[in-house]
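Listed below are the residues making up each chain.
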Amino acid sequence: RSTLFPYTTLFRSVQCLYVFKSLLPIHLSADYSYKQIALVMGLGDWRAWAGLGLAGGALYLVLRRREFRPPLLAYVILFSPTANVLFPIGTIMGERLMYAPSLGLALLLSMVLVRSRHWKAVLLAVGLAFAARTAVRNLDWLNAERFYTKLLETAPHSAKSHYSFGVLLAVNGDDAGAIAAYDRAIAIFPIYAEAYRNRGNALARLGRREEAMASYRQCLRFDPADFAANANLRQLEAGLPVNPPRARF
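Here the structure is a predicted model, which is why all the values come from computation and not from measurement.

**Quick word on the packing of helix α7 (residues 159–171) against helix α8 (residues 175–188)**
It is the contact of α7 with α8, at a shortest axis distance of 8 Å, that shows an interaxial angle of 165°. Here α7 lies roughly antiparallel to α8, going by the angle between them. Like other packed secondary-structure pairs, α7 and α8 cross with a definite hand, here left-handed. For the pair α7 and α8, the contacting residues are A159, H162, Y163, F165, G166, V167, L169 and A170 in the first and D175, G177, A178, A181, Y182, R184, A185 and I188 in the second. For the contact of α7 with α8, the residue count by class is 11 nonpolar, three polar and two charged.

Written out as structure tokens, the structure is:
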């Protein structure tokens, strides 16, 4: 039960985040992987109560307000394949996973909105605001430099964002900066085999052979099947020159 509680409670609290970002898409990110979203470990965390409140409110509407059943059921059904409940999908959260379920949320809000005399003006204002936010957000995908720099800003606690930024630096020839980024990724996720391998590659290109071998060994400790790390380590141990190619986006 102690293992199941954080998982199920995190699911409910993440649903709050999905709904919040759908209604107010101010702070958006392409990455919510480990450790950007902290686990909810108990009822002392307000997110646990927020998740319970959202689930309870939805259940109340389904049972007591028939007119709201279709949009709520549509939301649940469309979200079920990516909710990590039926089967794991490899990510805690992704804004893209909300695209289809948002149809149910939009239908629910429209049913509430039409009760207002000014629903047309409200709908126009919301449409213009969301269109402007979309245009601004699209600029974050202008190029790799802008995307991964923005990713680091929006997901500073994610190991993957620091790793990706390290790859960007390595691609641009900044191996020293890349090593620092890989170190930050490893500090968040100590068994990040891929980060250890690319860290070893950067160290090898800088001629820091002993450190590179240590990094490759750490990579193989967590991923014994990593062919590139194994091959580079063998060459370094044999005293041969190693100049690993830079990754490409």
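**Things to note about the packing of aromatic side chains**
Under the definition given, this model contains nine aromatic pairs. Ring geometry for Y163 versus Y192: centroids 5.1 Å apart, planes at 35°, classification tilted. Remark: Y192 occurs in the loop between α8 and α9 (193–205) and Y163 occurs in helix α7; sequence separation between them is 29 residues. Across the pair, exposure class does not vary: Y163 and Y192 are buried alike. Arranged with centres 5.6 Å apart and planes meeting at 65°, the rings of F189 and Y192 form a pair that is edge-to-face. One aromatic cluster is present, formed by Y34, Y163, Y182, F189 and Y192 through successive ring pairs.

What counts and how
Residues numbered from 1 in each chain as written. Predicted model: local features only at pLDDT ≥ 70, side-chain atom pairs only at ≥ 80, totals over all residues. Heavy atoms only, no water. Axes fitted to C-alpha atoms, helices over the stretch in contact; angles between N-to-C directions. Helix = DSSP H or I, 4+ residues; strand = E, 2+ residues; numbered from the N terminus. Parallel < 35°, antiparallel > 145°, perpendicular 65-115°, else oblique. Left-handed = near helix turned anticlockwise from the far one by under 90°. Contact = heavy atoms within 4.5 Å. Nonpolar A, V, L, I, M, F, W, Y, C, P; charged D, E, K, R; others polar. Phe/Tyr/Trp six-rings, centres within 6.5 Å; stacked < 30°, edge-to-face > 60°. Buried < 20%, exposed > 50% of the residue type's maximum accessible area, 1.4 Å probe, protein only.

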